[in-house]
Amino acid sequence: MTGAIPQLASVLGRAADLTEVFRTALAEARAGLGADLVGIANLGERAENLVLEDASGLSPELTHQLCSLPLSDSALFREAMASKTPVGLPVAEHPGAERALFEAAGIRHLAITPLLSRNLVLGALGVGRRADRAFQGSEIAFLGTIGGLLGQAVEKIAAHQEAQAEAERRLSHDRRELLARASSDALWDWDAGTNRVWRSPGLTTLFGYSLEEAATSPDWWGDRVHPEDRERVLSRRDAFLAA
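What counts, and where the lines are drawn
Residues numbered from 1 in each chain as written. Predicted model: local features only at pLDDT ≥ 70, side-chain atom pairs only at ≥ 80, totals over all residues. Heavy atoms only, no water. Phe/Tyr/Trp six-rings, centres within 6.5 Å; stacked < 30°, edge-to-face > 60°. Buried < 20%, exposed > 50% of the residue type's maximum accessible area, 1.4 Å probe, protein only. Lys NZ or Arg CZ within 6 Å of the ring centre and 35° of its normal. Helix = DSSP H or I, 4+ residues; strand = E, 2+ residues; numbered from the N terminus. Pairing = 2+ DSSP bridges. Core = buried A, V, L, I, M, F, W, Y, C linked by side-chain atoms within 4.5 Å. Contact = heavy atoms within 4.5 Å.

**Re the packing of aromatic side chains**
Thought 1: According to the stated counting rule, one finds three aromatic pairs in the structure shown.
Thought 2: Where Trp220 meets Trp221, the ring centres are 6.0 Å apart and the plane angle is 40°; that geometry is what we call tilted.
Thought 3: Residue class for Trp221 comes out partly exposed when judged on its relative accessible area of 40%.
Thought 4: Site record: aromatic cluster; members linked through ring pairs are Phe207, Tyr209, Trp220 and Trp221.
Thought 5: It is Arg129 that lies over the ring of Phe135; its NZ or CZ is 4.1 Å from the centre.

Encoded structure:
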């Protein structure tokens, strides 16, 4: 198993997107541990449930049922999250509602490792085995190594994406400043992703509103359309955006 780690680290280090990272980690966990079930999950929006990002060996119905269970019902996940280390457990000893689901799928043994980024738990990598053979210490350590590499890859990709986004924001800002200096018109730029509006100094020159007074929300301008025209103007704007 350990011989595959350098190759896995190299592949994950070169991966450009999370889909490739997840697929590689799942394949390595399945092959290296002889697992019948492998899955990667992240914490839900409110950290109340798991959202399966990718999985093998799970029926759609079982996947839906697992994602519907609150984290409080997953003793194995709570233990891994608290200790921030990989853990294993026979399904027969699982005290939560997940036990019946795994038993119905024929899974007898589970192991799970947290995915860490800067010592924060982002999610988990889990494996299951139908054979009546518990995951050994070396196998759990191997799973933990994969989880550690996976967490590093996720963090690296997230940092790269953030750097790209910041570079795009700087470029957009510089372009707007050049336009503002070249024109006395009241220019504006609406970022649909952040729902924020940039306005040029022409707003002050032509209409008397200071840039500090003008809110960054697109509704600021809509609120200043004449009441008799507002519904027509805004409905046309919304129709254009919807198209």
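**Some thoughts on the pairing of strand E4 (residues 109-117)**
Thought 1: Counting buried positions along E4 gives eight out of nine residues, so the element sits mostly inside the fold.
Thought 2: Relative to E4, strand E3 (residues 87-90) runs antiparallel, the two being bridged by four bridges. Opposite Leu89, over in E4, you have Leu110 as the bridge partner.
Thought 3: Pairing analysis gives nine bridges linking E4 to strand E5 (residues 120-129), with the strands arranged antiparallel. Paired with Leu116 across the two strands is Val121, which belongs to E5.

**What about the nonpolar core?**
Thought 1: Of all hydrophobic cores here, the largest spans 24 residues; its most connected members are Ile40, Leu125, Val127, Ile146 and Leu150.
Thought 2: Of all the elements in the fold, those that place two or more residues in this core are helix H2 (18-33), strand E1 (37-43), E4, E5 and helix H6 (137-182).
Thought 3: Here this core takes nine residues from H6, the largest share from any one element.
Thought 4: Aside from chain neighbours lying at most four places away, what touches Val127 is Ala29, Leu33, Ala35, Leu37, Val38, His109, Leu110, Ala111, Phe135 and Leu143.

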